[in-house]
Amino acid sequence: MEWNLKRNCSVTPAQLGYLYASLCILSMGVAGFFWSQGATLVLPFAVLELLAVGTAFLVYARHATDNERIRLLEGRLVVEWETAGRASRCEFAREWVRVEPRRDAGQLIEVRGGGRSVQVGRFLRSDLRPLLAREIRQALRGV
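Residues numbered from 1 in each chain as written. Predicted model: local features only at pLDDT ≥ 70, side-chain atom pairs only at ≥ 80, totals over all residues. Heavy atoms only, no water.

## Side note on the overall build of the chain
Line of reasoning, step 1. Along its length, the chain carries 3 helices and 7 strands.
Line of reasoning, step 2. Of the regular secondary structure in the chain, the N- to C-terminal order runs β-α-α-β-β-β-β-β-β-α.
Line of reasoning, step 3. Computed over C-alpha atoms, the radius of gyration of the chain comes to 23 Å, more than 25% over the 15 Å expected from 2.2 N^0.38 for 143 residues, which places it beyond the range of a compact globule.
Line of reasoning, step 4. For the C-alpha atoms alone, the extent of the chain along its principal axes is close to 75 × 30 × 25 Å.
Line of reasoning, step 5. When the 143 residues of the chain are sorted by exposure, 27% land in the buried category. (Helix = DSSP H or I, 4+ residues; strand = E, 2+ residues; numbered from the N terminus. Rg over C-alpha atoms; globule rule 2.2 N^0.38 Å. Buried < 20%, exposed > 50% of the residue type's maximum accessible area, 1.4 Å probe, protein only.)

This is the structure in structure tokens:
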């Protein structure tokens, strides 16, 4: 049994890179034209604009592929997540794991066992989190 939860990403980092490159070419072409016509301040402002847009695109691209993966494997529950390119993993013994949706509205699902705890469900609508918790609990019981 496996649950894959991903961020709803409309543009991949590669597509964003192509978009940024085309934006740079177009913007620098226009700025170069006006610079050649004597408007020398257009070029530095175009560079500043492209740096600001590039920074925003970089921040977006770092989190575009964030995900969570919950797997039930041979007597253990494995929770893996990736945030900003950094992957983490936590394993729980099937018979000792507890899956509890938080009582507060919009809170994440807490998976606990063996003195460790992980929160999952970041990429799921808050109204669907109790359903995911129930599915995981049923899978753990073997239903």
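## Let's talk about the sheet that holds strand β4 (residues 86-93)
Line of reasoning, step 1. The sheet built from 4 strands is open, its strands ordered β1-β2-β3-β4 with antiparallel pairing. Strands at the two margins of the open sheet, each flanked by one partner only, are β1 (2-6) and β4. Within the sheet, the average angular offset between the axes of one strand and its neighbour, ignoring direction, is 10°.
Line of reasoning, step 2. Relative to β4, strand β3 (residues 76-83) runs antiparallel, the two sharing 8 bridges. (Pairing = 2+ DSSP bridges. Axes fitted to C-alpha atoms, helices over the stretch in contact; angles between N-to-C directions.)

## Things to note about unusual backbone geometry
Line of reasoning, step 1. Non-glycine residue glutamate 74 carries a positive phi angle of around 20°.
Line of reasoning, step 2. Mapped onto the fold, glutamate 74 is located in the loop between β2 (67-73) and β3.
Line of reasoning, step 3. Residue classification places glutamate 74 among the exposed positions, given a relative accessible area of 79%.
Line of reasoning, step 4. In this structure, alanine 84 is a non-glycine residue whose phi angle is positive, near 55°.
Line of reasoning, step 5. Looking at where alanine 84 falls in the secondary structure, it is placed in the loop between β3 and β4.

## A short note on the pairing of β2
Line of reasoning, step 1. The pairing of β1 with β2 spans 5 bridges and is classified as antiparallel. Paired with asparagine 4 across the strands is arginine 69, a residue of β2.
Line of reasoning, step 2. The hairpin turn running from β2 into β3, its antiparallel successor, is 2 residues long, and glutamate 74 in that turn takes a positive phi close to 20°.

## Brief notes about the confidence of the model for the chain
Line of reasoning, step 1. Of the residues in the chain, 96% reach a pLDDT of 70 or more, and the chain-wide mean stands at 90.
Line of reasoning, step 2. Ranking the helices and strands of the chain by mean pLDDT puts helix α1 (residues 13-36) first, with 95, and strand β5 (residues 98-101) last, with 86. (pLDDT = per-residue confidence, 0-100.)

## Some remarks on the nonpolar core
Line of reasoning, step 1. Membership of the largest hydrophobic core comes to 20 residues, with the highest contact counts inside it found for Ile70, Leu77, Phe92 and Ile136.
Line of reasoning, step 2. Residue assignment for this core shows that the elements contributing at least two residues are β1, β2, β3, β4, β6 (109-113), β7 (116-120) and α3 (129-141).
Line of reasoning, step 3. Excluding anything up to four places from it in sequence, leucine 77 contacts Ile70, Arg71, Leu72, Cys90, Glu91, Phe92, Val97, Val111, Ile136 and Leu140. (Core = buried A, V, L, I, M, F, W, Y, C linked by side-chain atoms within 4.5 Å. Contact = heavy atoms within 4.5 Å.)

## With respect to the packing of α1 against helix α2 (residues 42-63)
Line of reasoning, step 1. Remark: α1 packs on α2, axes separated minimally by 9 Å, with the N-to-C direction vectors making an angle of 175°. Accordingly, the angle class assigned to the pair α1 and α2 is roughly antiparallel. Contacts from Pro13, Leu16, Leu19, Tyr20, Leu23, Cys24, Ser27, Met28, Ala31, Phe34 and Trp35 of α1 reach α2 at Val42, Leu43, Ala46, Val47, Glu49, Leu50, Leu51, Val53, Gly54, Phe57, Tyr60 and Ala61.
Line of reasoning, step 2. Residue composition of the contact of α1 with α2, grouped by class: 20 nonpolar, 2 polar and 1 charged. (Parallel < 35°, antiparallel > 145°, perpendicular 65-115°, else oblique. Nonpolar A, V, L, I, M, F, W, Y, C, P; charged D, E, K, R; others polar.)

## Comments concerning the pattern of salt bridges
Line of reasoning, step 1. Applying the stated criterion across every chain, the model contains 11 salt bridges.
Line of reasoning, step 2. Put simply, glutamate 2 and arginine 69 hold a salt bridge, and the shortest N to O gap is 3.9 Å. Highlighted residues: glutamate 2 in strand β1 and arginine 69 in strand β2, separated in sequence by 67 residues.
Line of reasoning, step 3. Exposure remark for arginine 69: the relative accessible area of 28% places this residue in the partly exposed category.
Line of reasoning, step 4. We note a salt bridge from glutamate 91 to arginine 76, for which the minimum N-O separation is 2.8 Å. A residue pair is termed long-range when its members are at least 10 positions apart, and glutamate 91 in strand β4 and arginine 76 in strand β3 qualify at 15 residues.
Line of reasoning, step 5. Judged by relative accessible area, glutamate 91 falls into the partly exposed class, the value being 28%.
Line of reasoning, step 6. Shared partners join several salt bridges into a network, and the residues in it are Glu2, Arg69, Arg71, Arg76, Glu80, Arg89 and Glu91. (Salt bridge = Lys/Arg side-chain N within 4 Å of Asp/Glu carboxyl O.)

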